[in-house]
Amino acid sequence: MMNIVAVVRLVPDLVEQLVVNPEEDNLDWDQTALTLNESDDHALEEALLVKEKHHGQLTVVAFDYGEIDQVLYMAAAKGADRIIKIAWPHPEPPNSLEMVGALGRLVPTLQADLVVMGCQSQTEFFGMAAAQLAARLGWPYVGVVRGVQNQAGGGWWKVFKEYPGAVLAEMEVQLPAVIGILTASQPPRYVPVSRIRAASQTARFETIDGMAKPEESAVNIRRVYLTPATSHAEMLKGTEEEVARRLVDLLVERGVLK
Amino acid sequence: MIRRILVPVEIYRNQVTDLTREVLAAARVVGGEQCEVVACVFGEPPPEAVARLQVADRILILRDGQVGQPVAIAQAAVLSRRLAQLGVDVVFVGSSSWGLDLAPLLASFVDAPLIANCQNLECTTEGLRATCRICAGKLLVDVEIGQRLAVVLLLSGSYARYEVPPGKGVIEKCEVAPEEWDARVTFLRWVEPAREDIDITQESTLVAVGRGIERQENLTLAEELAEALGGVVCGSRPVIDQGWLPPTRQVGKSGMTVKPKLYFALGISGAPEHVEGMKDAELIVAINRDERAPIFNVAHYGIAADLFDVVPAIKEALVARRQEV
């Protein structure tokens, strides 16, 4: 049976305002709403598709911080067979190096054939966990992938890597491998709240202690700050009607209205 | 002080990418006159591709027998065995689909730190300073790294406008032994998108929707505005990923690069990956609830409001004007 591992992470919810801590060396995590990393959501969907098509077993792995249980209940409701939480007793989410360290210790114990995770998360700047996990494991890696397939059977899988202009590079990769997903073959499936609620009653999580350790990067953070506006749009203000009229006048002046 | 910067060259369909040329310019600017810039090409590049690398002092061609196939893991492994011998201090990689694989793998193989999402770099006596853009461009992080080998992923647009003088352009060729090549990943072919859809790069007016459109049924609002303006609807990645619009309508790094006369951005935050594909539009109008959204940094006119309130008003104003005329 094929063993698939999907890694999911929480990242800052960019719909909300970001707040930097007073020391200006990190986000203020107490004031930062977290959400599932978008490409991890797609990786989970791709893992579910592979599991369904090839009668595999899907293990979902996450670090235990924030409201990760809600994400994991959702994963269980969608069809994850096994859920593992890596204990993370620190106020800040783990950085890429810490993730790679812990996953590098955990994955070999899972007899995984295929590890999928988002090819990048919004907060990564001194590491990219998916590629670096592959290197740590000594496994092949392809990232920025839209969909994986096994048409011929056996240990070689087709992956479709995204390039500009909606062009895809069709590639083959030998398992075991880590695949960095950008987009799943189909949009992440909807799961009704009632099924998530039901999963919260029945799903069992395994929590693993001592797997994750703090790791320092050689990259020193000097300052974290909100992006200042270097140039800025002329902002139109007023009621909706006033703004709309003013904008139409401007479009006429600029000669862009047909 | 940085003595030598290596730039892996991305060749996409026999052409050196614009991003590679930008990264070479960045290496020249950041390294200064005393620094040697080495361009590293894989495979058997066509002469016209090599001719586009004259900004470099040295052009190292690694003949890998794979004719430049974009297999980043194999190329990273080949490079990793040569960095020490070449005396490279820093590797600059363009943040493309290929670069996003190559850079972290190479950094891991040589146990060097990786700095990703860089938009500015500065060489100091202590090492290298960089500014990284994360969280869809909403957050900047200034970082520094001491005097040690490092791999840097540079965002497109950071050094695009720099004009730099040519380097020495000395060409060296080097054979890659078959056993050096990681054969566990292979390139098969390029898959072109289905072209039954319209070509948004040819449209003069585009109405782009982002995550702020919230639901597929709300696309009607954008379509009505596009119709009133005589344009068509396109989108940023989250909308395409949901399957609400076909991939041929995606604007941005892995989608289309567009230069319309008018670009309306509805509910688009302005992530660097999206801005890369639309920043050269002649006139950009952005509507977003978040007045700090980075899209307002590239837009000419901005409206910080709920698009579901403003867009119907704009549509009405367009209709009213048409009736006046």
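Going by the structure above, here's the rest.
These figures come from a predicted structure and were not determined experimentally.

**Describing the overall build of chain B**
Counting its regular elements, chain B contains 10 helices and 17 strands. Scaling as 2.2 N^0.38, a compact globule of 325 residues should have a C-alpha radius of gyration of about 20 Å, and chain B matches this with 22 Å. Taken over the C-alpha atoms alone, chain B extends approximately 70 × 45 × 35 Å along its principal axes. Every one of the 325 residues in chain B was classed for burial, and the buried ones make up 58%. Look at the contacts in chain B between residues 6 or more apart in sequence, and 65% of them connect residues 24 or more apart.

**Some details on the nonpolar core**
Core analysis: the biggest nonpolar cluster contains 154 residues, and Ala-6 and Val-60 of chain A together with Val-7, Ala-39, Phe-92, Ile-115 and Val-152 of chain B have the highest contact counts within it. The biggest single contributor to this core is helix α2 (residues 68-78) of chain A, with 8 residues. If near-sequence neighbours (up to four positions away) are discounted, Val-7 of chain B is found in contact with Thr-20, Val-23, Leu-24, Ala-27, Val-37, Val-38, Ala-39, Cys-40 and Phe-92 of chain B. By size, the runner-up hydrophobic cluster in this structure holds 56 residues, among which are Leu-236 of chain A together with Val-258, Ala-293 and Ile-295 of chain B.

**Structural notes on the packing of helix α3 (residues 96-106) of chain A against helix α4 (residues 129-137) of chain A**
Residues and elements named next belong to chain A. Contact pair α3 / α4: the axes reach a minimum separation of 9 Å and the direction vectors enclose 40°. It follows from the interaxial angle that α3 and α4 lie oblique. Here α3 runs over α4; the crossing is right-handed. Taken together, the residues of α4 that come into contact with α3 (itself represented by Ser-96, Met-99, Val-100, Leu-103 and Gly-104) are Ala-129, Gln-132, Leu-133, Arg-136 and Leu-137. Looking at side-chain class alone, the contact of α3 with α4 contains 6 nonpolar, 3 polar and 1 charged residues.

**A closer look at the sheet that holds strand β9 (residues 167-174) of chain A**
On the basis of which strands lie adjacent, the open sheet formed by 10 strands has the order β11(A)-β5(A)-β4(A)-β1(A)-β6(A)-β10(A)-β7(A)-β8(A)-β9(A)-β12(B) and mixed pairing. Whereas interior strands pair on both sides, the edge strands pair on one side only; in this sheet they are β11 (205-208) of chain A together with β12 (185-191) of chain B. The mean angle between the axes of side-by-side strands here comes to 35°, regardless of whether they run parallel or antiparallel. Strand direction decides the pairing type here: strand β5 (residues 82-87) of chain A and β11 of chain A, joined by 4 bridges, are parallel.

**A word on the sheet that holds strand β17 (residues 301-303) of chain B**
Overall, parallel pairing links the 6 strands, which are arranged β13(A)-β17(B)-β16(B)-β15(B)-β13(B)-β14(B) in an open sheet. Each edge of the open sheet is held by one strand with a lone partner, namely β13 (234-235) of chain A together with β14 (232-235) of chain B. The strands that helix α6 (residues 219-229) of chain B touches are β13 (205-209), β14 and β15 (262-266) of chain B; relative to β13 of chain B, the one it contacts most, it runs at about 165°.

Rules of the game
- Residues numbered from 1 in each chain as written.
- Chains lettered and ligands numbered in written order.
- Predicted model: local features only at pLDDT ≥ 70, side-chain atom pairs only at ≥ 80, totals over all residues.
- Helix = DSSP H or I, 4+ residues; strand = E, 2+ residues; numbered from the N terminus.
- Rg over C-alpha atoms; globule rule 2.2 N^0.38 Å.
- Buried ≥ 20, exposed ≤ 12 C-beta atoms within 10 Å, placed from the backbone.
- Contact = placed C-beta atoms within 7 Å.
- Core = buried A, V, L, I, M, F, W, Y, C linked by C-beta atoms within 7 Å.
- Axes fitted to C-alpha atoms, helices over the stretch in contact; angles between N-to-C directions.
- Parallel < 35°, antiparallel > 145°, perpendicular 65-115°, else oblique.
- Left-handed = near helix turned anticlockwise from the far one by under 90°.
- Nonpolar A, V, L, I, M, F, W, Y, C, P; charged D, E, K, R; others polar.
- Pairing = 2+ DSSP bridges.

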